[in-house]
Amino acid sequence: HKSTVVITGASSGVGLYAAKAFAQRGWHVVMACRNLEKAKDAAESVEIPQDSYTVMHIDLGSLDSVRKFVNDFRASGKSLDALVCNAAIYMPLLKEPQRSPEGYELTMTTNHLGHFLLCNLMLEDLKNSPATDKRVVILGTVTHNPDELGGKIPPRPDLGNLDGFAEGFKAPISMVDGKKFEPVKAYKDSKVCNVLTMRELHRRYHDATGITFTSLYPGCVADTPLFRNHYPLFQKLFPLFQKYITGGYVSQELAGERVAAVVIDPEYKQSGVYWSWGNRQKKDGKPFVQKVSPQASDDTKAERMWDLSEKLVGLA
Ligand code: NDP
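I will try to describe carefully the structure that is included in this document. Because the structure is a prediction, the values reported are computed rather than measured. Per chain, residue numbering runs from 1 following the sequence as it is written. The model is predicted, so local features are restricted to residues of pLDDT at least 70 and side-chain atom pairs to those at 80 or more, both for listing and for counting; the totals for chains, interfaces and linings are taken over all residues. No hydrogens and no water enter the side-chain calculation; it runs on all heavy atoms of the structure.

Taken together, 31 residues are adjacent to the ligand, and S11, S12, K38, Y187 and T224 come closest. Measuring from an oxygen atom of the ligand, one finds a side-chain N or O atom of K38 at 2.6 Å. Any pair of N or O atoms that falls within 3.5 Å is considered a polar contact. Within protein, one atom must be able to donate a hydrogen and the other to accept it, and sequence-neighbouring residues count only if both atoms are side-chain atoms. At 2.7 Å from an oxygen atom of the ligand is found a side-chain nitrogen or oxygen belonging to Y187. Here the ligand, which alone exposes 900 Å², has 97% of that area covered by the protein. Here a residue counts as near a molecule or strand whenever at least one of its heavy atoms sits within 4 Å of it. Each accessible area is a Shrake-Rupley result for a 1.4 Å probe, and residues are judged covered by the shown protein chains and nothing else.

This is the structure:
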């Protein structure tokens, strides 16, 4: 019997290489993707054996689609041993917000609200699984943290008092703090919400379920398609800058192996923490538990974020 992991956004970048790493380690991967053809082609392109994966449809930018995915997963009869929330969009050049079918700003919906709903629904599936070691991993990023060099470049993430969420998060509101639309900040805010969600999942459910909840920053994976919506010149220079100036560059293979390790290896079985690697670009860079930003470690903010997100996704 193979263990099963669901990975969102496994059709490219970190998620694709994580899928490959899981398959190499004998797991079955449910690639939860919005474009089934692309996902299949991607799996073939990195030579994931056909019997090691199943592609299933999810559009994290639509809450109905997230619910449908969970139903489809249950109908497949598989049991769930781990969930990796990896999919994300980054749209730095947008002038106007895009919207989900519910009317919510799309970056926050895809990166945070969709995953928030998915985690909450799939807790049930994890609880029902007979496995003894179950884990949920949410991808974080250095840009969530203004205390670190990589997080200092403006605009800084700032959830404020989450007034935008409290007021319903529909037009004309587009930002969690209710302020003016800023697509780069929307991405960073969503990643702060990802870390807060992980910590709140841990606080609420770790003791009762034994599930390990973690987050990680795999390093700067500067040549994934995440930056496909940036200026072409940026796409060319950014990997070089990360390779030769900051030294933060990490290959997609290594980032994928790190995600699989955080889910499988005993040394990462510590709930409520955020993993990082020293000498990020080096294969043998040692993992360590990194302090998250002041905002991402604010328990009052975490609770408010949780309560408001529950309302927005229709759980409360
Ligand atoms: P990619 O753009 O390569 O991959 C993103 C994945 O998310 C793709 O598979 C994409 O699907 C999928 N996706 C986007 N929108 C949706 C949606 N609405 N529904 C379902 N799937 C969707 O990015 P990366 O691999 O670089 O990023 C993966 C994660 O790693 C993100 O959470 C990011 O924040 C994090 N990260 C990345 C870093 C980096 O340097 N690259 C650094 C730190 C963290 P499709 O193929 O159809 O577009």
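Helix and strand assignments come from DSSP, with helices taken as H or I runs of at least 4 residues and strands as E runs of at least 2, each series counted from the N terminus. Examined against the element boundaries, N229 turns out to sit in the loop between β6 (212-216) and α7 (232-246). On a C-alpha basis, the gap between N229 and V313 in space is 27 Å, while along the polypeptide they are 84 residues apart. Not counting chain neighbours up to four residues away, the residues in contact with N229 comprise Y90, M91, P92, L93 and Q235. Note on contacts: a residue pair is in contact if any heavy atoms of the two residues lie within 4.5 Å.

Okay, a nonpolar patch on the surface next. Together, L233, L237, L240 and Y244 line one region of the surface with nonpolar side chains, adding up to about 450 Å² of accessible area. Relative accessible area serves as the criterion here: at 41%, L240 is assigned to the partly exposed category. For patch building, the residue pool is restricted to those with more than 30% relative accessible area and no salt bridge; the joining distance is 9 Å between like charges and 5 Å between nonpolar side chains (Val, Leu, Ile, Met, Phe, Trp, Tyr). Whenever a carboxyl oxygen of Asp or Glu lies within 4 Å of a side-chain nitrogen of Lys or Arg, that contact is scored as a salt bridge. Only protein chains enter the accessibility calculation, which uses a 1.4 Å probe; a residue whose area is less than 20% of its type maximum is buried, one above 50% is exposed, and one in between is partly exposed.

The next thing to look at is the environment of S52. Looking at the element boundaries, S52 is found in the loop between α2 (36-45) and β3 (53-57). Separated by 173 residues in sequence, S52 and P225 have C-alpha atoms that sit 24 Å apart. Once you skip the residues sitting within four places of it in the chain, S52 turns out to touch K2, A23, W27, H28 and V29.

A separate point is the packing of helix α3 (residues 63-75) against helix α4 (residues 106-128). Only the stretch in contact is used when a helix axis is fitted, and all axes are lines through C-alpha atoms; the angle between N-to-C directions ranges over 0 to 180 degrees. At a minimum axis distance of 9 Å, the contact between α3 and α4 shows a crossing angle of 25°. Comparing the axis directions of α3 and α4 gives the class roughly parallel. α3 and α4 meet at a crossing whose hand is right-handed. The residues of α4 that touch α3, namely those facing L63, V66, R67, F69, V70, F73 and R74, are L113, G114, L117, L118, L121, M122, E124 and D125. Working definition: roughly parallel below 35 degrees, roughly antiparallel above 145 degrees, roughly perpendicular at 65 to 115 degrees, and oblique for all remaining angles. A clockwise turn of the near helix away from the far one marks a right-handed crossing, whereas an anticlockwise turn of less than a right angle marks a left-handed crossing.

For the rest of this paragraph, the subject is the packing of aromatic side chains. Classification of ring pairs uses Phe, Tyr and Trp, with its six-membered ring standing for Trp, and accepts pairs whose centres are within 6.5 Å; under 30 degrees between planes counts as stacked, over 60 as edge-to-face, and the remaining range as tilted. Summed over the entire model, instances satisfying the criterion amount to nine aromatic pairs. Taking the centre distance of 6.0 Å and the plane angle of 40° together, the rings of Y104 and F169 count as tilted. Note that Y104 is positioned in the loop between β4 (82-85) and α4 and F169 in the loop between α5 (163-166) and α6 (183-209), a separation of 65 residues in sequence. Each member of the pair, Y104 as well as F169, is classed as buried. Here the aromatic cluster, defined as three or more aromatic residues joined through ring pairs, consists of Y104, F165 and F169.

Now for the pattern of salt bridges. One pass over the full model with this rule turns up 13 salt bridges. For the salt bridge of K127 with E124, the shortest nitrogen-to-oxygen distance reads 3.6 Å. One end of the pair, K127, and the other, E124, are both in helix α4, three residues apart, so they sit about a helical turn from each other. Accessibility expressed as a relative area gives 40% for K127, which makes it partly exposed. We classify E124 as partly exposed; its relative accessible area is 40%. The residue D307 makes a salt bridge to R204 at a minimum N-O spacing of 3.9 Å. A residue pair is termed long-range when its members are at least 10 positions apart, and D307 in helix α9 (residues 299-313) and R204 in helix α6 qualify at 103 residues. Judged by its relative accessible area of 34%, D307 falls in the partly exposed class. On the basis of relative accessibility, which here comes to 29%, the residue R204 falls in the partly exposed class. A single network of salt bridges, built from pairs that share partners, joins E200, R203, R204, E303 and D307.

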